[in-house]
Amino acid sequence: MSVRVGLLGATGAVGQRFVQLLDDHPTFDIAAVTASPRSAGESYRDAAKWRVDTPIPEDIAEMTVRETDPDALPDDLDLLFSSLPSTVGAEIEPELCRAGYVVSSNSSNERMAEDVPLTIPEVNPDHLALIETQREERGWDGALVKNPNCSTITMTPTLAALDQFGLSRIHVATLQAVSGAGYSGVTSMEIIDNVLPHIGGEEAKMEAESRKLLGDVTDGELSLHDVDVAASCNRVPSLDGHLENVFAELEEDPSAAEVHEALEGLDAADLPSAPEQPIHVFDDPERPQPRLDRMRGKGMQISAGGLRETPDGIQYNCLAHNTIRGAAGASVLNGELLVEAGIV
Ligand SMILES: NC(=O)C1=CN([C@@H]2O[C@H](COP(=O)(O)OP(=O)(O)OC[C@H]3O[C@@H](n4cnc5c(N)ncnc54)[C@H](OP(=O)(O)O)[C@@H]3O)[C@@H](O)[C@H]2O)C=CC1
Ligand SMILES: N[C@@H](CC(=O)OP(=O)(O)O)C(=O)O
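So, here is what we can say about the structure in this document. (Residues numbered from 1 in each chain as written. Chains lettered and ligands numbered in written order. Predicted model: local features only at pLDDT ≥ 70, side-chain atom pairs only at ≥ 80, totals over all residues.)

**Topic: the pairing of strand 13 (residues 302-310)**
We apply this condition: The rule for pairing is simple: two strands pair if DSSP sees at least two bridges between them. Labels follow the DSSP assignment, with helices taken as runs of H or I lasting at least four residues and strands as runs of E lasting at least two, numbered in each case from the N terminus.
With three bridges connecting them, strand 12 (residues 279-281) and strand 13 associate as parallel partners. Bridged to Val281 within strand 13 is Ala304. Direction of pairing for strand 13 relative to strand 14 (residues 313-320): antiparallel, over a ladder of six bridges. Directly across from Glu309, in strand 14, lies its bridge partner Ile314. Hairpin geometry of strand 13 and strand 14 is characterised by an intervening segment of two residues between the two adjacent antiparallel strands.

**Observations regarding the sheet that holds strand 4 (residues 79-82)**
Reading across from one edge, 3-2-1-4-5-6 is the order of the six strands in this open sheet, with parallel pairing throughout. Unpaired on one side and paired on the other, strand 3 (66-67) and strand 6 (143-146) mark the two borders of the sheet. Bridging between strand 4 and strand 5 (residues 102-105) involves three bridges; their strand directions are parallel. From the neighbouring strand, Leu80 faces strand 5, where its bridge partner is Val103.

**Description of the sheet that holds strand 7 (residues 167-176)**
Applicable threshold: For every element, the axis is a line fit to its C-alpha atoms; helices are fit only across the contacting stretch, and the angle between N-to-C directions ranges from 0 to 180 degrees. In this description, a residue-residue contact is defined by the distance between C-beta atoms placed from the backbone, which must lie within 7 Å.
Taken in spatial order, the six strands make up an open sheet running 10-7-11-14-13-12, and their pairing is mixed. The open sheet has two edge strands with one neighbour each: strand 10 (228-235) and strand 12. The mean angle between the axes of side-by-side strands here comes to 20 degrees, regardless of whether they run parallel or antiparallel. In this sheet, strand 10 lies alongside strand 7 in parallel orientation, the contact comprising eight bridges. The residue of strand 10 that forms the bridge with Arg169 is Asp228. Across the face of the sheet, helix 6 (residues 150-162) comes into contact with strand 7, strand 10, strand 11 (242-250), strand 12, strand 13 and strand 14 while running at roughly 35 degrees to strand 11. Contacts between helix 8 (residues 202-213) and the sheet are confined to strand 7 and strand 10, with strand 10 contributing the most and set at about 145 degrees to the helix.

**Describing the environment of Pro254**
Selection rule: The exposure scheme places C-beta atoms from the backbone and then counts, for each residue, the other C-beta atoms within 10 Å of its own, assigning buried at 20 or more, exposed at 12 or fewer, and partly exposed in between.
Here Pro254 is to be found in the loop between strand 11 and helix 9 (256-264). You can call Pro254 partly exposed: it has 19 C-beta atoms within 10 Å. Counting along the chain gives 25 residues from Pro254 to Val229, while the straight-line C-alpha distance between them is 20 Å. In this view, Pro254 contacts Phe165 and Val259; residues no more than four positions away in its chain are not counted.

**As for the site of ligand 1**
As a reminder of what qualifies: Put plainly, near means the residue's C-beta atom, positioned from the backbone, lies within 6 Å of the molecule or strand in question. Think of it as three bins: nonpolar holds Ala, Val, Leu, Ile, Met, Phe, Trp, Tyr, Cys and Pro, charged holds Asp, Glu, Lys and Arg, and polar takes everything else, Gly as well.
Ligand 1 sits among 29 residues. The nearest are Gly9, Gly12, Ser36, Ser39 and Cys150. Elements with a contribution of two residues or more to the shell around ligand 1: helix 1 (13-22), helix 4 (86-98) and helix 11 (324-340). Ranked by the residues each element gives to the shell around ligand 1, the list is headed by helix 1, at three residues. Counted by class, the shell around ligand 1 contains nine nonpolar, 19 polar and one charged residues.

So, in structure tokens, the structure goes:
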């Protein structure tokens, strides 16, 4: 089976990760690439300043970049992956869905909309049921599905695994890599020998998106999980890989060994890009570390470690590759879920 896909925002940092990840994908074939009007008409090789650590695929390099507009896309695309700036996504993604395209989007616009599935296949694949509500309410033939923010993706699968003990209150502090801010997002003068204790909007995203991901969809209606989440987000000078310190207050009182077993027991998704085991737990208290562990499971596995019983609950660390598991890889996984569900 071949699924013809288009990449929106293909020349950007996340767009390039899509190109890299889809290069040898078993079913997805890149049939169109788009970017801003500045790049449209150029070859992908000229338009994209290639910064990924594998060679640019020759067939994609030769493609002509199109405008990001329904009229500029071929009609026979089965699926679109979007990594547009969120202001651009907010304008263009609904137009594309109205025109009949199914869009798996990484951009933050509409992540919290009640009729838009925000999914991680190992956590809440059933939320795809919201597509029916979305199509009824918006009159779309296409569909819009989102993946969460990269810091949220790193933590939420661990919370899904701990939900069996009753999640009551979560505190999390993040140490986020510079690639999360994009190539020109943080200057070297700002970040070398430094830590920035503020990432605009990130804390509110982690607090809200995690409750949606852990929530329920019944009869096409969404209800949020009632766990309290409080986040503090920090930029640190690692290149890729967000590390997070989680303090979980639970209704029950599991031992560290029980938590270890629960984390490693989170069910895998049976999808081509999914890791065989979603979460790996280290016994070594010095792991996970961004440089050593971000590429586990081809950048798609989440690592945890430092499990510790405290008077208030369990403390642990978790880590994921922010532009693979946290961005392009997350959208690809959602695309595979859409194929499995027969929506694509
Ligand atoms: N899940 C997550 O947590 C993550 C999400 N993201 C999100 O992904 C998106 C992309 O991020 P990133 O790749 O770093 O951004 P970049 O700035 O590197 O790339 C943006 C892309 O969008 C294109 N673009 C810009 N303006 C327009 C326009 N007006 N019309 C059409 N296309 C346009 C650019 O084309 P051109 O080259 O021509 O300028 C480029 O292809 C953002 O929304 C970001 O927030 C990013 C990282 C992680
Ligand atoms: N804010 C994230 C990256 C990002 O773009 O997030 P979002 O997709 O929620 O805008 C980071 O800095 O690491």
